[in-house]
Amino acid sequence: MSNQAQNLPVTSRAGSITTGGTAQDVYTEAQAPKQGFEFQNTSDTAMLLAWGTNATSTNGINVPAGGMYYRPGPDKIVPKGRMSVLCATTGKTFVCNTW
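One numbering rule holds for all chains: residues counted from 1, following each sequence as written. Local features in this predicted model are restricted to residues of pLDDT 70 or higher, and side-chain atom pairs are both shown and tallied only at a pLDDT of 80 or more, whereas totals for entire chains, interfaces and linings draw on every residue. Based on all heavy atoms of the structure, the side-chain values leave hydrogens and waters out of the count.

Participant: Sorry if this is basic, but what is going on with the nonpolar core here?
Facilitator: Within soluble globular proteins, side chains that are nonpolar generally end up buried alongside one another. Judged by nonpolar contacts, the single largest core of 16 residues is most densely connected at V26, Y27, F39, L49, M83 and V85. Elements with a contribution of two residues or more to this core: β3 (24-27), β4 (37-41), β5 (47-51), β8 (83-87) and β9 (93-98). Residues enter a nonpolar core if they are buried and are Ala, Val, Leu, Ile, Met, Phe, Trp, Tyr or Cys, with the set joined through side-chain atoms within 4.5 Å. Residue burial is assigned from relative accessible area. The probe radius is 1.4 Å, only protein chains are included, and a residue is buried under 20% of its type maximum, exposed over 50%, and partly exposed in between. Each helix is a run of DSSP H or I of at least 4 residues and each strand a run of E of at least 2, with the numbering of both proceeding from the N terminus.

In structure tokens, the structure reads:
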């Protein structure tokens, strides 16, 4: 396999929390990325991510205020299914790009 960079189409899934304390989809299962994604919490409040289920305080991956989470990482794994985000406060923003 070539180590050269690939020119993959990027789709923005940026948004904001519509109802604080309630999980919402960042992207649906049909929109799930094939190659990877990057999620940046652009707010001042922590967010939690989960795949294939609603994000909760017990199953979510914590993305701190101003933090990022991306895949694939060194293990080359991209989670399957929809991505859910949970944040305590309405109106907090995030950026998510998929490819």
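Now that the structure has been shown, the text picks up again.
Participant: Would you explain the pattern of salt bridges in this entry?
Facilitator: A side chain of one charge can pair with a side chain of the opposite charge if their charged atoms are brought near each other. In what follows, salt bridge is the name for a side-chain nitrogen of Lys or Arg lying within 4 Å of a carboxyl oxygen of Asp or Glu. By the definition in use, this model includes three salt bridges. K92 is paired through a salt bridge with D44; the nearest N and O atoms lie 2.6 Å apart. Placement of K92 in the loop between β8 and β9 and of D44 in the loop between β4 and β5 is noted, with a sequence separation of 48 residues between them. Among the ionic pairs, D75 bridges to R71, the shortest N-O distance being 2.7 Å.

Participant: Help me understand the sheet that holds β5 in this model?
Facilitator: Paired through their backbone hydrogen bonds, the strands of a sheet run either parallel or antiparallel. Strands sit in the order β3-β8-β5-β6 across an open sheet of four strands; the sheet is antiparallel. Across the chains shown, the open sheet's two edge strands, defined by having one partner strand only, are β3 and β6 (61-63). When strand polarity is set aside, the average angle formed by the axes of neighbouring strands in this sheet is 35°. Of the pairings in the sheet, the one linking β3 to β8 comprises three bridges and is antiparallel in character. Should DSSP find at least two bridges between two strands, the strands are regarded as paired. Lines fitted to C-alpha atoms define the axes here, with helix axes fitted over just the stretch in contact, and angles between the N-to-C directions of these axes take values from 0 to 180 degrees.

Participant: Would you mind going over the pairing of β9 with me for this structure?
Facilitator: Every regular strand shows the same layout, with side chains that alternate between the two sheet faces. As defined by bridge partners, strand β1 (residues 11-12) adjoins β9 across two bridges and the pair is classed as antiparallel. Along β9, the bridge assignment pairs T11 with T98. Where strand β2 (residues 15-16) lies against β9, two bridges are found, and the strand directions are antiparallel. The partner of S16 across the bridge, within β9, is T93. Note: β4 against β9, five bridges, orientation antiparallel. Within β9, the residue paired with Q40 across the bridge is V95.

Scope: geometric values only; no functional claims are made or implied.
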